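Descriptive analysis of the structure
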Amino acid sequence: DTAVSQTPKYLVTQMGNDKSIKCEQNLGHDTMYWYKQDSKKFLKIMFSYNNKELIINETVPNRFSPKSPDKAHLNLHINSLELGDSAVYFCASSQLERGGQETQYFGPGTRLLVL
Amino acid sequence: AQKITQTQPGMFVQEKEAVTLDCTYDTSDQSYGLFWYKQPSSGEMIFLIYQGSYDEQNATEGRYSLNFQKARKSANLVISASQLGDSAMYFCAMSGISNFGNEKLTFGTGTRLTIIP
């Protein structure tokens, strides 16, 4: 019973193509996120959605467009892929808990390689 | 803006010894959360432990404990009785609050821990 799942796990594509990564969570969380992990393992927030509404957009090129059809799904579409887009993309979800803790649970990651 | 600093890019520790992974942070927020995640070679991000800024006691989860020193702005992870399976990248992270109250995580650069048999 996977909590946060992503598809595909690996994605190899040519420069200039358009691709999508899908994310689903079955935790009943209200908030979902996309993070990018670069080749030096540095993780950075890209987007956050709460109940299908965009909350955080961290100066990501507009070639990246997140879409949330419902609060359990947050997909990432990337247009005109560039070499520098090669990275691992992580989806995460969270819910505010009693006491103020809001732990983010991550999906397995999607390894994108642009050739 | 939040900033997380992990000054140890790599550590080698003998199996069964305790290990401390350093993390310092900087923030102007009064309320914040501190997290540690483990990333094994398989690539997934595994949540380990959380410390709230107003928690008076250090957090513990099994063999993991968080040595929280608020005045020094440090949140070191302590792993007791290390095991071979503890070999992984470890990330310290801090929660920030957006205008809508939802939190984003700011990550440090990570520490690669290797446990030696």
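Above this text is the structure in question.
What comes next is a walk through the structure. (Residues numbered from 1 in each chain as written. Chains lettered and ligands numbered in written order. Predicted model: local features only at pLDDT ≥ 70, side-chain atom pairs only at ≥ 80, totals over all residues. Heavy atoms only, no water.)

This next bit is on the overall build of chain A. In terms of regular secondary structure, chain A is built from zero helices and 11 strands. In sequence order, the secondary structure elements of chain A are arranged as β-β-β-β-β-β-β-β-β-β-β. Taken across its 115 residues, chain A has 47% of its residues classed as buried. Considering only residue pairs separated by 6 or more positions, chain A has 53% of its internal contacts joining residues 24 or more positions apart. Here chain A contributes 13 positive and 12 negative side-chain charges, whose respective centroids are spaced 5 Å apart. (Helix = DSSP H or I, 4+ residues; strand = E, 2+ residues; numbered from the N terminus. Buried < 20%, exposed > 50% of the residue type's maximum accessible area, 1.4 Å probe, protein only. Contact = heavy atoms within 4.5 Å. Lys, Arg positive; Asp, Glu negative; His and termini not counted. Charge placed at Lys NZ, Arg CZ, Asp CG, Glu CD.)

Across the boundary between the two partners, chain A contributes 22 residues, which contact 21 residues of chain B. On inspection of chain A and its partner chain B, the count reaches one salt bridge. When the shortest N-O distance is used, the salt bridge between Lys104 of chain B and Glu58 of chain A registers 2.9 Å. Summed over the shared surface of chain A and chain B, the result is five residue pairs in polar contact (both at pLDDT 80 or more). Elements that contribute at least two residues to the side of chain A that touches chain B include exactly strand S4 (31-37), strand S5 (43-50), strand S6 (53-57) and strand S10 (105-106) of chain A. The element contributing the most residues to the side of chain A that touches chain B is S4 of chain A, with four residues. Residue composition of the side of chain A that touches chain B, grouped by class: 11 nonpolar, seven polar and four charged. (Salt bridge = Lys/Arg side-chain N within 4 Å of Asp/Glu carboxyl O. Polar contact = N/O pair within 3.5 Å; in protein donor to acceptor, adjacent residues only side chain to side chain. Nonpolar A, V, L, I, M, F, W, Y, C, P; charged D, E, K, R; others polar.)

Moving on, we get to the state of the cysteines. On inspection of all chains with the given rule, the structure shows two disulfides over all chains. One disulfide in the model links Cys23 of chain A with Cys91 of chain A; its S-S distance is 1.9 Å. Measuring the twist about the S-S bond at about -75 degrees, one finds the Cys23 of chain A-Cys91 of chain A disulfide to be left-handed. Taken together, the residues Cys23 of chain A in strand S3 (residues 19-25) and Cys91 of chain A in strand S9 (residues 87-94) connect sequence positions 68 residues apart. Taken individually, Cys23 of chain A and Cys91 of chain A each receive the classification buried, so the pair is uniform in this respect. The side chain of Cys23 of chain B participates in a disulfide bridge whose partner is Cys92 of chain B; the two sulfur atoms lie 2.0 Å from each other. The S-S bond linking Cys23 of chain B to Cys92 of chain B shows a torsion near -65 degrees; that makes this disulfide left-handed. Highlighted residues: Cys23 of chain B in the loop between strand S3 (19-21) and strand S4 (24-26) and Cys92 of chain B in strand S10 (residues 88-97), separated in sequence by 69 residues. Residue Cys92 of chain B is classed as buried on the basis of its relative accessible area of 0%. (Disulfide = S-S within 2.5 Å.)

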